[in-house]
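Residue-level listing of the chains:
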Amino acid sequence: MSRRVDLLIVGAGPAGLAAAITARACGLDVVVVDEQAGPGGQIWRDIEQVGATPRARLLGQAYGEGRGVVRAFRESGAEFLPETRMWNVDEDLRAYLAHRGRAWSIEAGALLLATGAQERPVPFPGSTLPGVMTVGAGQILLKSSGQVPADPAWIAGTGPLALLYAIQLLAAGGRIAGFLDTRPTGQTLAAGRHAARALLTGPRDIAKGAAWMAQLRRRVPVFGHAHGIVAEGGHTLERIRFRDKRGAEVTRAAKVLLVHEGVIPALHATQALGCRHEWDAAQQCFRPVLDDWGTTSVAGVHVAGDGAGIAGARAAGLRGELAALGVAMRLGRIGAEAAEQRAAPVRAALRRAIGVRPFLDALYPPRVEISDPPDAAIVCRCEEVRAGRVRALAAGGLTDPNQVKTATRAGMGPCHGRQCSAPIAGILARMGGSEVRDIAPGRVRPPIRPLTLAELASLDATEAPR
Amino acid sequence: MTAIVRDAVVIGGGLHGLSAALFLARAGQRVTVVERAYLGRHASGANAAGVRTLNRAIEELPLAFEAMEMWRDMNAHVGDDCGFHACGQVRVAESVDEVASLEARQAQSRAAGFTHEEIIDAAELRRLVPAIAPHCVAALVTRDDGAADPHRTIDAYRRSILAAGVALHEGAGVTKVVRQGQDWAVHCDAGTFVAPCVVNAAGAWAGQVAAMVGCHIPISCRASMMMVTERVPPLLEPVVGLVGRPLSFKQTDKGTLIIGGGQQGRADIETGRSIVDFAGLAKTARTVTELFAATAGVGITRCWTGIEAQTKDRLPVIGTSPDAPGMIHLFGFSGHGFQLVPVTGAIVADLAIRGTTQRNIAAFAPQRLQGEAIEACPQDGLRHAIKE
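The shown structure was predicted, so the numbers you read here are calculated from the model rather than taken from an experiment. (Residues numbered from 1 in each chain as written. Chains lettered and ligands numbered in written order. Predicted model: local features only at pLDDT ≥ 70, side-chain atom pairs only at ≥ 80, totals over all residues. Heavy atoms only, no water.)

Draft legend 1. Here's a closer look at the overall build of chain B. For chain B, the count of helices and strands is nine helices and 24 strands. Relative to the 2.2 N^0.38 estimate, which gives 21 Å for 388 residues, the radius of gyration of chain B is 21 Å and therefore close to what a compact globule would have. By principal-axis analysis of the C-alpha atoms, chain B measures approximately 65 × 50 × 40 Å. With 388 residues in all, chain B has 61% of them scored as buried. Expressed as a percentage of contacts within chain B between residues at least 6 apart in sequence, the contacts between residues at least 24 apart total 73%. Of the accessible surface of chain B, which amounts to about 14100 Å², a share of 52% is contributed by carbon and sulfur atoms. Across chain B, 36 positive and 39 negative side-chain charges occur, with their mean positions spaced 3 Å apart. (Helix = DSSP H or I, 4+ residues; strand = E, 2+ residues; numbered from the N terminus. Rg over C-alpha atoms; globule rule 2.2 N^0.38 Å. Buried < 20%, exposed > 50% of the residue type's maximum accessible area, 1.4 Å probe, protein only. Contact = heavy atoms within 4.5 Å. Areas by Shrake-Rupley, 256 points an atom, 1.4 Å probe, with all protein chains shown as cover. Lys, Arg positive; Asp, Glu negative; His and termini not counted. Charge placed at Lys NZ, Arg CZ, Asp CG, Glu CD.)

Quick look at the structure:
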């Protein structure tokens, strides 16, 4: 089953779809893989099924916008492999894929990673109790099957997604017990200096966010600057405790708590490939180092979409187009001049699309306590390692996440450190008097996506490399 | 920078280097360990942690039995049992032809006076390992053998050497080792350490360290691949290996399956990078799923490799350098050094402090390899493919 393709795109969200359409228009042979059953990614999840139903309306205008893009993608001539995982990729761009029990490899002239974002890990005491989940997980249930929590939900967090989900949940008939806005006080002021540019480039986004907040305040209790959040209960969540903006402790009965502190780029593939990364101070996360065409430090590997740094769906599509043009240029399908010419309007649109970003980043910073969680918080869910254990090791002189991994197994479990690497780096930095940006992330081991022994066994040795 | 005077400097923070540091420090020596990356970065952290006398080279068996006594009492030695379980080890014959090779091995070890290996029939094999495929016909068994947890072992040694007063420098790669009077000056990123005794426990890079003092010992390297799966219900007790195919298969007390056995990844000794070669690992996966049908749907959590030294005769190098007085070599365990860890430090302490040891280490003398041609690393041809 081994074959060669000009461009392999991983992820069929806004970036991957736009890139596929552009690359096909340049005459490239394109394969797109995605783990979902249909194209759309997280933002347009299940749009081919849901797009024409009433649920699409309550999911909002941005969701509906995906229908046209997905249709254009279907007509582009790109090959789409649904329910397919890329579980490993070598530096010579051989990608290892798996679908329903079979594994094979494919050689790519160029690789575009459009794997998007993950929610920022939110460790806090009680975060692993049944009844506590992330807003992102709640939204997947809502989009795919219209599910809303049976009990009134508490939502704690910051960022556009937390607000959007709250609005979508109310529209879908869900109940919200209360909204804990976890932004530190003064953030609105801090964001103010970016407001002018944001209003110029994204007035719709600003107005939308303000309207959501106003609507929320009318319908549910909102607690500003909630902090010190603790989930408590025997076998499941029974109550939450937190401090309000005056520092007074508040306790409330709760059966469902959804948390969210923004999203960060999903970096496992670029880390596994050994691409260079840099610290994004505004978004408090690492991102791959990229040139104007989304090219990483590893030849032939491109990144577009939120995996390149969080910028939203519109920017993702534009970055996807630029990456596809860059690939077509590199493979000699279009000249450098033609590429620049076609890229110019896309770059202009991209500047407008990301104009609102500095404002949003300043308005919704992650709360400090999740990068330096209290001792009782479980930072590694796979191996149940608490923050206190990591703090004690750091006090004993450990400075490297790989050392913490050896000592605690944190990062060795099924999530491969996707949950624990940020808080562990935060603790090591604080204890060692350094900055998180200076803490090299732990080594990423394959498979970077789920793979069974039978699937690996099916990998045809005669067709695999070397 | 002022040189720091020590009694011994150990180059290499793998388990053998740590074992040497521990014995030296407990004997009252002032010891510094310098490690280029972090403790257990390569073979010590990337191995199946088999505690095995089964099918071990006859020359190594006396040391292996002494080490086995220590494994049974690791708590007393390093304050943790290191996850050691005497779950037994079995070497399975999948055909009648392979039984002959088991019998030959047993005869060989008996002739040398060792009676620890027992041949069992298919019925006893099935009693020991009920989940094994029905085509397996017999096995060689050592019931006292077992396995440990490599990371717990590294962590226990780390705590023990620090408690014994060893100075540890991680992220301190050695740049040169030069004569300074009767001593050696070890220059590294953490400073210069001067000592009459230097222990070369640099694993795959030990040949380079030896060359720094004019001692030429040809070694090659290997990068055995390992996999670990998600946690599954109890499947088997002993560690299972095969006569005819490379495999080491066991279940940890956490329920994860650890799968290794010698399929080689790609290694680049210059950069210290090693890469999993999935074509090879797919063979291992086929072996496992054919031997234990219940594993087919089990998810693989991680695959990894680490680089280690390999000698031409697959025996380690343990002994004083013939060319550089004061340097003690301790490397070249060729894929089966984990079990010997507790005892090798004792040998080094003997050699460093008394100049001799009562243990028979003649077969491990560095001289035996000198003048031999350097064996190509099995991965040498692939080096061009690795870009740093």
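Draft legend 2. Summary view of the overall build of chain A. The helix and strand tally for chain A stands at 18 helices and 21 strands. The C-alpha atoms of chain A give 22 Å as radius of gyration, which agrees with the globular expectation for 466 residues (23 Å, within 12%). The long-range share in chain A, meaning contacts at least 24 apart out of those at least 6 apart in sequence, stands at 66%. A total of about 18700 Å² of accessible surface is found on chain A, and carbon and sulfur atoms cover 52% of it. Here chain A contributes 56 positive and 43 negative side-chain charges, whose respective centroids are spaced 5 Å apart.

Draft legend 3. Highlighting the pattern of salt bridges. All names here are of chain A. A complete count under the given rule lists 42 salt bridges over all chains for this structure. For the salt bridge of R430 with D372, the shortest nitrogen-to-oxygen distance reads 3.3 Å. In this pair, R430 sits in helix 17 (residues 421–432) while D372 sits in the loop between helix 14 (357–363) and strand 20 (378–380), placing the two residues 58 residues apart along the sequence. Classification of D372 as partly exposed rests on a relative accessible area of 22%. (Salt bridge = Lys/Arg side-chain N within 4 Å of Asp/Glu carboxyl O.)

Draft legend 4. Examining helix 6 (residues 150–163) of chain B more closely. For helix 6 of chain B, built from 14 residues, the straight-helix expectation of 20 Å at 1.5 Å per residue is met to within 8% by its first-to-last C-alpha distance of 20 Å. Of all 14 residues making up helix 6 of chain B, 10 are buried, and the element is well covered by its neighbours. Within the span of helix 6 of chain B, buried status applies to P150, H151, T153, I154, D155, A156, Y157, R158, S160 and I161 of chain B. Against helix 16 (401–408) of chain A together with helix 1 (15–26), helix 2 (61–71), helix 3 (74–78), strand 9 (167–170) and helix 9 (341–353) of chain B lie the buried residues of helix 6 of chain B. Where helix 6 of chain B begins, one side-chain oxygen reaches toward the backbone nitrogen of H151 of chain B, 2.9 Å away; that side chain belongs to D149 of chain B. Positive backbone phi, approximately 95 degrees, marks G165 of chain B, located one or two places after helix 6 of chain B. (Expected span 1.5 Å × (residues − 1). Polar contact = N/O pair within 3.5 Å; in protein donor to acceptor, adjacent residues only side chain to side chain.)

Draft legend 5. Representation of the packing of helix 1 (residues 14–25) of chain A against helix 5 (residues 66–75) of chain A. All names here are of chain A. Between helix 1 and helix 5, whose axes approach to 9 Å, the crossing angle comes to 40 degrees. On the basis of the axis angle, helix 1 is oblique to helix 5. Considering how the two elements wind past one another, helix 1 and helix 5 form a crossing that is left-handed. Residues L17, A20 and I21 of helix 1 form the contact with helix 5, whose own contacting residues are V69, V70, A72 and F73. Split by residue class, the contact of helix 1 with helix 5 holds seven nonpolar, no polar and no charged. (Axes fitted to C-alpha atoms, helices over the stretch in contact; angles between N-to-C directions. Parallel < 35°, antiparallel > 145°, perpendicular 65-115°, else oblique. Left-handed = near helix turned anticlockwise from the far one by under 90°. Nonpolar A, V, L, I, M, F, W, Y, C, P; charged D, E, K, R; others polar.)

Draft legend 6. Seen up close, the sheet that holds strand 3 (residues 31–35) of chain B. Residue and element names in this part refer to chain B. Taken together, the six strands give an open sheet; going across it, the order is 9-3-2-13-24-23, and neighbouring strands pair in mixed fashion. Lying at the two open borders of the sheet, with one neighbouring strand each, are strand 9 and strand 23 (317–320). The mean inter-strand angle of the sheet, taken between neighbouring strand axes irrespective of direction, is 15 degrees. Across three bridges, strand 13 (residues 197–200) lies against strand 24 (residues 327–331) in parallel orientation. In the sheet register, V199 faces strand 24, and the bridge partner there is I328. (Pairing = 2+ DSSP bridges.)

Draft legend 7. Layout of the environment of F80 of chain A. The topology assignment puts F80 of chain A in strand 3 (residues 79–81). The spatial distance from the C-alpha of F80 of chain A to the C-alpha of A12 of chain A is 8.6 Å, given a sequence separation of 68 residues.

Draft legend 8. Seen up close, the confidence of the model for chain B. Confidence in the prediction for chain B averages 93 pLDDT; 96% of positions are at 70 or higher. We note a pTM of 0.89 for the whole complex and an ipTM of 0.89 for its interfaces. (pLDDT = per-residue confidence, 0-100.)

Draft legend 9. A look at the pairing of strand 6 (residues 102–113) of chain A. Residue and element names in this part refer to chain A. The element strand 6 is extensively covered by neighbouring structure, given that 10 of its 12 residues are classed as buried. Looking at chain direction, strand 1 (residues 3–10) and strand 6 are connected through seven bridges and run parallel. Bridged to V10 within strand 6 is L113. The turn linking strand 5 (residues 94–99) back onto strand 6 is made up of two residues, and R100 within it adopts a positive phi angle of 45 degrees. Relative to strand 19 (residues 301–303), strand 6 is paired through three bridges, and the arrangement is parallel. Bridging across to strand 19, L111 finds its partner in V301.

Draft legend 10. Representation of the interface of chain A and chain B within the structure. Of the residues lining the interface, 34 residues belong to chain A; the matching set on chain B comes to 41 residues. For the pair chain A and chain B, the interface holds three salt bridges. Where R231 of chain B meets E383 of chain A, a salt bridge forms, and the shortest distance between an N and an O atom there is 3.0 Å. Our count for the contact surface shared by chain A and chain B stands at 12 residue pairs in polar contact (both at pLDDT 80 or more).

Draft legend 11. Geometry of the packing of aromatic side chains. For the coordinates displayed, the defined rule picks out 11 aromatic pairs over all chains. On the numbers, 6.0 Å between centres and 35 degrees between planes, the contact of W71 of chain B with F84 of chain B is tilted. Of the two residues, W71 of chain B sits in helix 2 while F84 of chain B sits in the loop between helix 3 and strand 5 (89–93), which places them 13 residues apart along the sequence. Take W71 of chain B and F84 of chain B: they sit in the same class, and that class is buried. Site record: aromatic cluster; members linked through ring pairs are W87 and Y96 of chain A together with F278 of chain B. Between R302 of chain B and the ring centre of W304 of chain B, over which it is positioned, the NZ or CZ distance is 4.9 Å. (Phe/Tyr/Trp six-rings, centres within 6.5 Å; stacked < 30°, edge-to-face > 60°. Lys NZ or Arg CZ within 6 Å of the ring centre and 35° of its normal.)

Draft legend 12. Up close: unusual backbone geometry. Residues and elements named next belong to chain A. A cis amide bond, omega 0 degrees, links P446 with the succeeding residue P447. The phi dihedral of D46 is positive, around 55 degrees, even though this residue is not glycine. As for its placement among the helices and strands, D46 is situated in the loop between strand 2 (30–33) and helix 2 (47–50).

Draft legend 13. How the structure looks around the side chain of T158 of chain A. Locating T158 of chain A in the fold gives a position in strand 9 (residues 153–158). Those residues within four positions of T158 of chain A in sequence are excluded, and the remaining contacts are T182, R183, H260, E261, G262, Y364, P365 and P366 of chain A.

Draft legend 14. Up close: the packing of helix 1 of chain A against helix 12 (residues 312–330) of chain A. All names here are of chain A. At a closest axis distance of 7 Å, the pairing of helix 1 and helix 12 adopts a crossing angle of 35 degrees. Judged by the twist between their axes, the crossing of helix 1 over helix 12 is right-handed. Every residue of helix 12 that contacts helix 1 at P14, A15, A18, A19, T22 and A23 is listed here: A313, A316, G317, G320, E321, A324 and L325. Partitioned by chemical class, the residues of the contact of helix 1 with helix 12 number nine nonpolar, three polar and one charged.

Draft legend 15. Quick look at the environment of I328 of chain B. As for its position among the elements, I328 of chain B is in strand 24. Sequence-wise, I328 of chain B and V343 of chain B are 15 residues apart; in three dimensions their C-alpha atoms are separated by 15 Å.

Draft legend 16. The arrangement of the sheet that holds strand 12 (residues 191–195) of chain B in detail. Residues and elements named next belong to chain B. Strand order in the open sheet formed by four strands is 1-12-11-10, and the pairing between neighbours is mixed. Strand pairing shows two members of the sheet lacking a second neighbour, strand 1 (4–5) and strand 10 (174–180), which therefore form its edges. With five bridges connecting them, strand 11 (residues 183–188) and strand 12 associate as antiparallel partners. Counterpart to W184 in the pairing with strand 12 is A195.

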